[in-house]
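Summary of the model geometry
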Amino acid sequence: MTPGDEVVVALDVGGTGMKCALVRPDGATVHAERHATDAARGPEAVVGTILDVAEGLAGKARADGLTPVACGIAVPGVVDEARGVAVWSANVGFRDVPLRDLARERLGLPTALGHDVRVGGLAEARLGAGRDAGHVLFVAIGTGIAAAHVVDGSAAVGAHGAAGEIGHILVRPDGPPCGCGRPGCLEAVASASAIGRRYAELSGAPATAAEVADRAAAGEPLAGRVWREAVEALADGLATGQALFDVATIVIGGGLAQAGPRLFDPLRTALRERLTFHREPRLVAAALGDEAGCLGAALLALDTLAKESR
Ligand SMILES: [Zn+2]
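What counts, and where the lines are drawn
Residues numbered from 1 in each chain as written. Predicted model: local features only at pLDDT ≥ 70, side-chain atom pairs only at ≥ 80, totals over all residues. Heavy atoms only, no water. Buried < 20%, exposed > 50% of the residue type's maximum accessible area, 1.4 Å probe, protein only. Helix = DSSP H or I, 4+ residues; strand = E, 2+ residues; numbered from the N terminus. Arc of directions from axis to C-beta. Contact = heavy atoms within 4.5 Å. Donors = N, O, S within 2.8 Å, 3.2 Å for Na, K, Ca; no water. Tetrahedral: all angles 85-135°; square planar, octahedral: opposite > 155°, others 65-115°. Axes fitted to C-alpha atoms, helices over the stretch in contact; angles between N-to-C directions. Nonpolar A, V, L, I, M, F, W, Y, C, P; charged D, E, K, R; others polar. Parallel < 35°, antiparallel > 145°, perpendicular 65-115°, else oblique. Left-handed = near helix turned anticlockwise from the far one by under 90°.

1. With respect to helix α6 (residues 209-217)
Along α6, the positions that sit buried rather than exposed are Ala209, Val212, Ala213 and Ala216. Down the axis of α6, the buried set is contained in an arc of 100°. They therefore lie on one face. In this structure, the buried residues of α6 make contact with α5 (192-203), α7 (221-245) and α8 (261-274). Just past α6, the residue glycine 219 takes up positive phi, approximately 95°.

2. Notes on the coordination of the zinc ion
Coordination of the zinc ion by the protein comes from His168 (ND1), Cys178 (SG), Cys180 (SG) and Cys185 (SG), over a distance range of 2.0 to 2.4 Å. Geometry at the zinc ion is tetrahedral, judged from the four donor atoms that bind it and their angles of 103 to 120° at the metal. Sequence spacing of the donors to the zinc ion: H-x9-C-x1-C-x4-C. Taken together, the residues span a long stretch of sequence, with histidine 168 in the loop between β11 (154-155) and α4 (186-190) and cysteine 185 in the loop between β11 and α4 at a distance of 17 residues. Accessibility expressed as a relative area gives 27% for histidine 168, which makes it partly exposed.

3. Points about the packing of α5 against α6
Closest axis-to-axis distance for the α5/α6 pair is 8 Å, and the angle between their directions is 60°. Across from Ala192, Ile195 and Tyr199 in α5, the residues of α6 making contact are Ala209, Val212 and Arg215. Here the contact of α5 with α6 is composed, by residue class, of five nonpolar, no polar and one charged.

4. Considering the packing of helix α1 (residues 43-63) against helix α2 (residues 99-107)
For the pair α1 and α2, interaxial distance at closest approach is 10 Å and the crossing angle is 40°. Classified by the angle their axes make, α1 and α2 are oblique. Remark: the crossing between α1 and α2 carries right-handed chirality. The residues of α2 that touch α1, namely those facing Val47, Ile50, Leu51, Asp52, Ala54 and Glu55, are Leu99, Leu102, Ala103, Arg106 and Leu107. Partitioned by chemical class, the residues of the contact of α1 with α2 number eight nonpolar, no polar and three charged.

Below is the structure:
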């Protein structure tokens, strides 16, 4: 076996789909496939699919003359990385699923279980837009908002597996209700879904966040107002993040980052206005797209492997 033959079986499990890959230790993807999660079948069926897909990938690697050395799985929600347990997930339905041990038993490979945004941040910090920064805050903005704080290539997990919930920073005490049950959280104002919802509420017509960004850029006053409100709330959240973490680079990922300069130009200005003595971080778009979770799951598995072999 030469080192070039080694691959990691990597899965990024979301509420609707699973991104799966065989990843080399240098981060190169040698094979990728996608499967439906179909979460409506219930958590047991989803776990069955995860194990089947992982086993299939390990088999595919061997058939191609490669050597699977580890397995990394990323899932949303609350994840206890130390115990390898998917503690809770609203969109996949996990409740205390010992996914790491289940996969280790099925595949016979060292396995790591990670949080989807945290491993995505790991990948962006080590291989993507935060490369060479050392201290990185990765913020994923989509239906919700979550973050990962990565220092020297390692993402903080938190005492209870719930670090990085920047979407639940209180930014507007009188704001709209958040899914967590409290009003005024950042994600209730500035997530892609919140932007669409707010625009629909004021205009009476449905729109996606991307459409709101387009209409704001075209000069529609209502869209401009909704977009500005979201950007200002985001800047409030990021300023809090910078006060806490003092990072060199903030990497914005998720669907909203695709708005490009329409997001980044006003957000950079609004963030600058809010910083006093804190140093301004570089604010950049994520570079790895929706592959970040899979790559990060592979990196986490390799980290675990390195620790175990020490
Ligand atoms: Zn909340």
